[in-house]
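Summary of the model geometry
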Amino acid sequence: MSMIEAEINGIPVSVPAGTTILDAAKAVGVKIPKLCYHSDLDAWAACGICVVKVEGSPKMLRACATAIGPGMKVITHDPEVVEVRRTVLELILSTHPNDCLKCGRSGSCELQDLAADFGIREIPFEERVERITPDTSTGSIVLNPEKCVKCGRCVLVCQEMQGVYALEFIGRGDGTRLAPAADVTLNESPCIKCGQCAAHCPVGAIYENDQTRIVWDAIKKSEKHCVVQIAPAVRVAIGEAFDLEPGALTTGKLYSALRRIGFDAVFDTNFSADLTILEEGSEFVKRVTEGGVLPQITSCCPAWTDYMEKYANDFIPNFSTAKSPQQMLGAMAKSYYAEKAGVETKDMFVASIMPCTAKKFEVSRDDNMSSTGFQDVDVALTTRELARMIKQAGIDFNSLPEEEADHLLGDYSGAGTIFGVTGGVMEAALRSAYYLITKEDLADVNFMECRGLEGVKEAEIDIKGTKIRIAIAHQMGNIEAVLNRVREAKEKGEETPWHFIEVMACRGGCIGGGGQPHGATDEIRKARTAGIYSDDEKSVQRCSHHNPMITKIYEDYLGEPLSHKAHELLHTGYHERKIYKK
Amino acid sequence: MAYKNYILVCAGTACESSKGIALYEELEKELKAQGVETEAQLVKTGCFGFCEQGPIVKILPDESFYVKVGPEHAKQIVSEHIIKGRQVTDLLYDKEQAAGSSHDNIAFYQKQQRIVLRNCGVINPEYIDEYIARDGYAALEKVIFEMSADEVIAELKASGLRGRGGAGFPTAIKWGFTKNAESAQKYIVCNADEGDPGAYMDRSTCEGDPHSVLEAMAIAGRTVGANQGFIYIRAEYPLAIERLENAIAQAREYGLLGDNILGSDFSFDVELRLGAGAFVCGEETALLASIEGKRGMPIPRPPFPAVKGLWGKPTVINNVETWANIPMIILKGSAWFSSIGTATTKGTKVFALTGKINNSGLIEVPMGTTLREIIYDIGGGIRGGKKFKAAQTGGPSGGVITEEFLDTPIDYESLQSIGSMMGSGGMIVMDEDDCMIDVTKFYLEFTVDESCGKCAPCRIGGRTNYNILDKISKGQGTVEDLDTLKTLAQAMRKASLCGLGQTAPNPIMSTTHYFEDEYLAHINDHTCPAGKCKKLITYTIVEDKCIGCTACARVCPTSCISGEVKKPHTIDQSKCIKCGQCFEKCKFDAILKG
């Protein structure tokens, strides 16, 4: 790759061709302020905060969108540049509600940070804030366009990264407003509730529907038996809310925090991830050995399920009927555990802590999510909501002791924990599928071909002569190409390109979920991923079928994978959904 | 087939809208009724430019130049001119015009030089044969069979042609970038999204000479290696669209578009893409986004479209006027073209001359012509003998030019140095009755309305500035507001993403510079010297002069004038909407405006 030699503020810089001025400046320790730019997205170049001077250019250029050129002389900071940035910032603030104290992003708001850095004390311009009622229609995420700074991130995320096209800009000029395309409500739009818009929003214009009060109320009620589960990806990200490094593994502290908050039992979604592997893995082996519909496609991501039901419902027969780990744990808690604990199902309250906003939608997505007659899971909270609850409870998270989960639905194998990253469900499934097919265990359980941030990963796995072709896609916008290849092969009457496909809607998998602490970049995703794999590596059991509590639950209660009882509690069905409800 | 006479009827939009079509139909009917349809051929032409005097009819071979012709004149024209060979003197613009003498002699045309508009008002734009008869497609033939791509670019470079869309980027360099870009697919785009208020240069060219654009695009396609062109034109130009569509169909039929043009190995086709009329879509990156079916929002440059344009492919994008120059440069040579104009700016410029001027219309002058020549010689001076105040060029992106600069020879650099810009060619002349705050407010309102909303400086800064201007126009402004206007203007110039936002503050910069006194009068004295800003005007009745004729009371739309007959009247200021009708109506100078 050719290198570009240039100068930034008189400092020589040598960077690969194509590097933006913004990144080149970073390389020599110069931080150019920005608002609309996000490293996940192509530069939208809207805000005008990152403007710099380039010798020979009559106008200022946007550092985020301009590739540094050979011999370029860039000035990133001088009184004139800073003054222009300040004016632009003041303009943005003049149309932004001045209510930081009541805003969910206070403290993690990129606009607030800029205002602080520039020492803004008053707005010299006429303040105009358009009052727009927030859209709460999905129950998962809330759109509050009043706070929108029109940075374009959510629209780009929704359209380019996720391929969903639910969000768009409506109107033009100073009437431009963020809204679902065609100006319907978000719930009537194609939105899949993945929450990536909220995860990327620099301000408080899109956020999770905060349901912490429902959980506090349940805990307060003495007749309620409150149990909680935590998803794999939560444990490696929640630390960021307490100033820990991204990827810090906090499982033990989380268990103890949840007990202190007042839950009667603390379970782990990793346990039900193991259960999912037994059900979904058995389903897969059955499809392969008995000639069922292939490829089998994973169903544990509710945003993906929603997408499939809207945009790709020709794949319904390919979908694993296994419920997601969240739902499986809820169903087992309200049946098996309720029986063991002697609690009536109606008195059971199941909360889950998820890295995800779509999980809020999943808890009531259809009747199958209420397999005991009551909702399997009552409320799904995001990682961000739990972090706030911990703070509200006065818990000093970092000095908490490490505790263990309650064993009945809390013990997990390394295969369960890697559900939190892209490729993890596939890797976990392969570890057990190998056993289910060969009745032998793998010498090396690591499937490196499943790992990493590449958008679509493909591999052929040799299970003692049985060749299994797999594909793994994450970041919703990457899935269509995979599906199209399956469709093409089907149309041509050719063999399916893959036997098993894993899909996760968010970049990096659940560790990059829409409910995780703000600020995720690939760097942070990699750190969280490393945290997950370290959890896997230090696990005593690395395969789901070796989890003794899984063996026990089948012996005690379910019988065997895919049994009648398992079907009642742990499986579901799918149906077409209209892309637009109206 | 030889006709004795040719009756050219202007079918440009301006003439069409003043009953030009009815006139054409009436002439057709009369020719038949009077039995001379084989003696005179009726021709629908493009714009003659002299829109002030439209509809225009020109009869060949006499060159009789009839103006303000209505359908009611059809009978007379046929019976007198066609049958008896006598000019209808009443309809002649120059009553003295002798049969056979060219209308070029009339003042409006004397200082004009028509290169871009060479065929407008001359040929019937609906027939490709008429274009071909005037050397149409000969340049394309030359480029295909006699010139290499490098020779074409060298010729363009020597001609000095610069983009007529506003910024004046050298056309040869643009084409060179695309030619040298490596890509199997390249595109040619014509920007016909003319949107400046009052501008209709490109529209008239498309209406009056559509093939000149098609031929030029094909020349570019041959030169840079593109086989597909798009013309992006606003849907509110139905006649231009119709003529272009018709021209494309005819060119395809003649083998001048499509596969293997003129039997060569060169294939090129053109399609229209209709825009919904957003001003920002005249910005090239927004235009390309719109062609791609996306929301018309600009993206940062570089990379420039010449390297990475439509669907990411190298794309030459020029505006209509630039295109229309190309065939002539190829045919007549760069030496001829570069002999016209100034040191930095060659060729001619088409302007839509409007405002407080006697001869409004579409004009084409050599670069280097002074504003004084345009306004006084071509435009015939200020209407109603009023005093010239300023001329506005460059539309909402431009600035005002005052009396002291009237003798500046017009080119890209000179206009910029006096705080305006060439722009696409709108030229609005203002007199002493025009208020500079009001004019600036008008342009700001336009750019605020047309901002795409993408970048913060333009989206928010534009509105904030407009609101300040509005305050000032109501006498509620402060001296600090003037500073804020300037601060915001600077930030918008420097931090806006595209040309729209970067140039939107130009009217503010220009008027605050040349007319600061007028701003201060609004701010400090709460008066509008031009008497334009309604909130600052009061109409009062001078008791001594009012004879109580009641004329003012009768014309007042809000019935705010009362008084007994033959006794002095009074105006209820709380109800007065400052429409000024009473002022106009009073014959006794009894109403004071101030």
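Since the model is a prediction, treat every value here as computed from it, not as a measurement.

**Considering the overall build of chain A**
The number of helices and strands found in chain A is 18 helices and 17 strands. Taking 25 Å as the expected radius of gyration for a compact globule of 582 residues, we find that chain A reaches 25 Å, a close match to that expectation. Dimensions of chain A along its principal axes, counting C-alpha atoms only, are 75 × 60 × 50 Å. Out of the 582 residues in chain A, the part that is buried amounts to 54%. The long-range share in chain A, meaning contacts at least 24 apart out of those at least 6 apart in sequence, stands at 74%.

**Considering the interface of chain A and chain B**
Contacts between the two partners involve 28 residues from chain A, matched on the other side by 29 residues from chain B. The leading source of residues in the side of chain A that touches chain B is helix 2 (residues 79-94) of chain A, at 6 residues. Looking at the side of chain A that touches chain B, its residues break down into 14 nonpolar, 8 polar and 6 charged.

**What about unusual backbone geometry?**
With an omega of 0°, the peptide bond running from L294 of chain A to P295 of chain A counts as cis. Tracing the chain through its elements places P295 of chain A in the loop between helix 8 (269-290) and strand 12 (296-297). The omega torsion across G54 of chain B and P55 of chain B is -5°, close enough to zero to call that bond cis. With a phi angle near 65°, D243 of chain A is a residue other than glycine that sits in the positive phi range. Here D243 of chain A is to be found in the loop between strand 10 (225-230) and helix 7 (251-261). D243 of chain A sits in the exposed class, given 9 other C-beta atoms within 10 Å. A positive phi angle, close to 55°, is found at H526 of chain B, a residue other than glycine. Structurally, the position occupied by H526 of chain B is in the loop between helix 21 (516-524) and strand 14 (539-541).

**Overview of helix 20 (residues 506-514) of chain B**
Structural remark: α-helix, 3.6 residues per turn; residues separated by three or four positions point the same way. Residue and element names in this part refer to chain B. Within helix 20, 7 of the 9 residues are buried, leaving the element largely enclosed by the surrounding structure. By the burial criterion, the buried members of helix 20 are N506, P507, I508, S510, T511, T512 and Y514. As for helix 20, its buried residues are in contact with strand 12 (399-402), helix 16 (436-450), helix 17 (456-473), helix 18 (479-495), helix 19 (499-503) and helix 21.

**Some words on the sheet that holds strand 10 of chain A**
Within a sheet, adjacent strands bond to each other through the backbone by hydrogen bonds, running parallel or antiparallel. Residue and element names in this part refer to chain A. The strand order across the open sheet built from 4 strands is 11-10-13-14, with neighbouring strands paired in parallel fashion. The sheet is open, and its two borders are formed by strand 11 (265-268) and strand 14 (379-382), each paired with just one other strand. On average, adjacent strands in this sheet sit at an angle of 25° to one another, irrespective of strand direction. Relative to strand 14, strand 13 (residues 348-354) is paired through 4 bridges, and the arrangement is parallel. Across the sheet, M354 pairs through a bridge with T382, a residue of strand 14.

**A look at the packing of helix 8 (residues 201-208) of chain B against helix 12 (residues 320-332) of chain B**
Residues and elements named next belong to chain B. Their axes nearest at 9 Å, the elements helix 8 and helix 12 cross at an angle of 45°. Judged by the inter-axis angle, helix 8 sits oblique to helix 12. On the side of helix 8, the interface is formed by M201, D202, T205 and C206, while helix 12 contributes V320, E321 and A324. Across the contact of helix 8 with helix 12, the residue classes break down as 4 nonpolar, 1 polar and 2 charged.

**Topic: the pairing of strand 11 (residues 388-393) of chain B**
Residues and elements named next belong to chain B. Along strand 11, 6 of the 6 residues are buried, which leaves the element largely enclosed by surrounding structure. Here 4 bridges tie strand 11 to strand 12, and the two strands are oriented antiparallel to one another. Across the sheet, A390 pairs through a bridge with T402, a residue of strand 12. Turn length for the strand 11-strand 12 hairpin, with the two strands adjacent in sequence and antiparallel, is 5 residues, and the turn residue G394 shows positive phi of about 80°.

**Focus on the sheet that holds strand 1 (residues 3-8) of chain A**
All names here are of chain A. An order of 2-1-5-3-4 is seen for the 5 strands of this open sheet, with the pairing classed as mixed. Each edge of the sheet is formed by a strand with only one pairing partner; in this case those strands are strand 2 (11-16) and strand 4 (61-62). Judged from the 6 bridges that link them, strand 1 and strand 2 form a sheet pairing that is antiparallel. Bridging from a neighbouring strand, M3 pairs with P16 of strand 2. On top of the sheet, helix 2 reaches strand 3 (51-54) and strand 5 (73-75); it is set at about 155° to strand 3, its chief contact.

**Describing the pairing of strand 8 (residues 177-180) of chain A**
Along any regular strand the residues' side chains alternate between the sheet's two faces. Residues and elements named next belong to chain A. For strand 7 (residues 167-170) and strand 8, the ladder comprises 4 bridges, and the chain directions are antiparallel. When the bridges of strand 8 are listed, I170 appears paired with R177. Counted between consecutive antiparallel strands, the loop separating strand 7 from strand 8 contains 6 residues, among which G171 sits at a positive phi close to 75°.

**What to know about the confidence of the model for chain B**
All names here are of chain B. Mean pLDDT over chain B works out to 93, with 100% of the residues at or above the 70 mark. When the elements of chain B are averaged for pLDDT, helix 3 (residues 107-110) gives the smallest value, 88, and helix 9 (residues 210-224) the largest, 98. Predicted as a complex, the structure gets a pTM of 0.92 and an ipTM equal to 0.91.

Reading the values: rules and limits
- Residues numbered from 1 in each chain as written.
- Chains lettered and ligands numbered in written order.
- Predicted model: local features only at pLDDT ≥ 70, side-chain atom pairs only at ≥ 80, totals over all residues.
- Helix = DSSP H or I, 4+ residues; strand = E, 2+ residues; numbered from the N terminus.
- Rg over C-alpha atoms; globule rule 2.2 N^0.38 Å.
- Buried ≥ 20, exposed ≤ 12 C-beta atoms within 10 Å, placed from the backbone.
- Contact = placed C-beta atoms within 7 Å.
- Nonpolar A, V, L, I, M, F, W, Y, C, P; charged D, E, K, R; others polar.
- Pairing = 2+ DSSP bridges.
- Axes fitted to C-alpha atoms, helices over the stretch in contact; angles between N-to-C directions.
- Parallel < 35°, antiparallel > 145°, perpendicular 65-115°, else oblique.
- pLDDT = per-residue confidence, 0-100.

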